[in-house]
Amino acid sequence: MRNEIESPSLSMPVSDSRDHIQGAHTAPVTLVEYGDYQCPYCREAYAVLGKLMPKLGDTARLVFRNFPLTQMHPYAEHAAEAAEAAGAQGKFWEMHDILYERQDALDDESLLSYAGEIGLDAERFQLEFSQHKYVDRIREDFQSGIRSGVNGTPTFFINGRRYDGPLDVRSMAEAATLATPPHHGPRPSKHHRPSA
Amino acid sequence: MKNNPSHHRRKPSPRGADHGKAVTGPLQPGAVAPNFELNSTPDQKVDLIHFRGRPVILAFYPADWSPVCGDQLGLYNEILPEFNKHAAQLIGISVDGSWCHTAYAQSRKLHFPLLADFEPKGAVARLYGVYDADLGECKRALFVIDRDGIIRWSYVSPTGVNPGADGILRALESLDDKKELAHA
């Protein structure tokens, strides 16, 4: 048996059909976040991503997968279910954003009101939410996270490799640049050409 | 976006080792897991030998009350059902006292024992080669011990990096495979 852990990498590849993806599908850099809607550090990361993603522009896309820490965060699981139910109606990111922006109110009643606010079919949402229709999908996300070396929330993977650096715009932008394949990267200016 | 010439790319750091510092490293696979008895609560002791017959995961960690949620122990607490599938017992060990452990476990709703390597301080961590004498804390180290009390996998996490659970699960799966082979 090996006595080392290889640097952790994403065990479940990003799928255009399965995953919630924000940004161009052809982007050379993919950030995958494993997150929990009740986690304050995920909310901070949400604010960072709000600045980071526009800065990266067409070079990067963002994927969100669920990693609710239910022992620690009693509202996280239902919040994840609400986001998935919104996703089923094509409004995953609208719900995702509202959950982080109003993280102090994630009880079921609030979740239902958010569904109304973003214009979901309320009847369908309520039915699917009460039937816990998306629990299996959330478990699948969670399992894939464990297998990939998720070590807390939020955990990011940049082009499949776990990112262990600081969660700030500058550090993450640098990491994204390093992960960009050379032909997509920024062209070095004449004045800063690396010496041979 | 910043220009990042290739010679600025960070090289991968050495994995799981304190190069040039540690005299003896962590106990390696194949070694017999040293037995110990430590307090889990102020009036309860846990003896490693009592778990003989099932796999044990020893998770040494620096301190209770780390200021992040979804920290290492919180994560393991969430995935106890995965460890249970392998009938494995998870045990956390730090140099904190048993009163501290009790409060911490209650606060985080932890469903596995935390042992106090408190007096003499860090004695068990030293036995396993994972005591950081400079900091006076256990290193963040993992051991998977098989049903016969033999260490089958060990790992010391680089400073500040929470190792996750994928390595533990792979080690437990490997134990199950060997068990099946033995019974084949």
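One can find the structure itself at the top, above this paragraph.
Okay, so let's go over this structure. (Residues numbered from 1 in each chain as written. Chains lettered and ligands numbered in written order. Predicted model: local features only at pLDDT ≥ 70, side-chain atom pairs only at ≥ 80, totals over all residues.)

A few words now on the overall build of chain A. Scanning chain A for helices and strands turns up 7 helices and 5 strands. Helices and strands in chain A line up, N terminus first, as β-β-α-β-α-α-α-α-α-β-β-α. Scored against the burial criterion, the 196 residues of chain A give a buried share of 42%. A separation of at least 24 residues holds for 78% of the contacts in chain A among residues at least 6 apart in sequence. (Helix = DSSP H or I, 4+ residues; strand = E, 2+ residues; numbered from the N terminus. Buried ≥ 20, exposed ≤ 12 C-beta atoms within 10 Å, placed from the backbone. Contact = placed C-beta atoms within 7 Å.)

In an α-helix, one turn spans 3.6 residues; hence positions three or four apart end up facing the same way. With 14 residues, helix 6 (residues 135-148) of chain A extends 20 Å between its outermost C-alpha atoms, agreeing within 8% with the 20 Å of an ideal straight helix rising 1.5 Å per residue. All of the buried residues in helix 6 of chain A are Ile138(A), Asp141(A), Phe142(A), Gly145(A), Ile146(A) and Ser148(A). Tucked into the core, helix 6 of chain A has its buried residues touching strand 2 (29-35), strand 3 (60-66), helix 2 (76-88) and strand 4 (155-158) of chain A together with helix 2 (80-84) and helix 5 (166-183) of chain B. (Expected span 1.5 Å × (residues − 1).)

Residue and element names in this part refer to chain B. Following the sequence through the fold, alanine 141 ends up in strand 8 (residues 141-145). Along the backbone, alanine 141 and histidine 86 are 55 residues apart, and their C-alpha atoms lie at a distance of 20 Å. Each residue touching alanine 141, except ones within four places of it in the same chain, is listed here: Pro26, Phe60, Val130, Ser154, Tyr155 and Val156.

It is worth spelling out the pairing of strand 8 of chain B at this point. Residues and elements named next belong to chain B. With 5 of 5 residues buried, strand 8 is to be regarded as a mostly interior element. The alternating pattern of strand 8 places Ala141, Phe143 and Ile145 on one face and Leu142 and Val144 on the opposite face, and all of these are buried. Inspection of the sheet shows strand 3 (residues 56-60) paired to strand 8 by 5 bridges, in the antiparallel sense. Counterpart to isoleucine 57 in the pairing with strand 8 is valine 144. (Pairing = 2+ DSSP bridges.)

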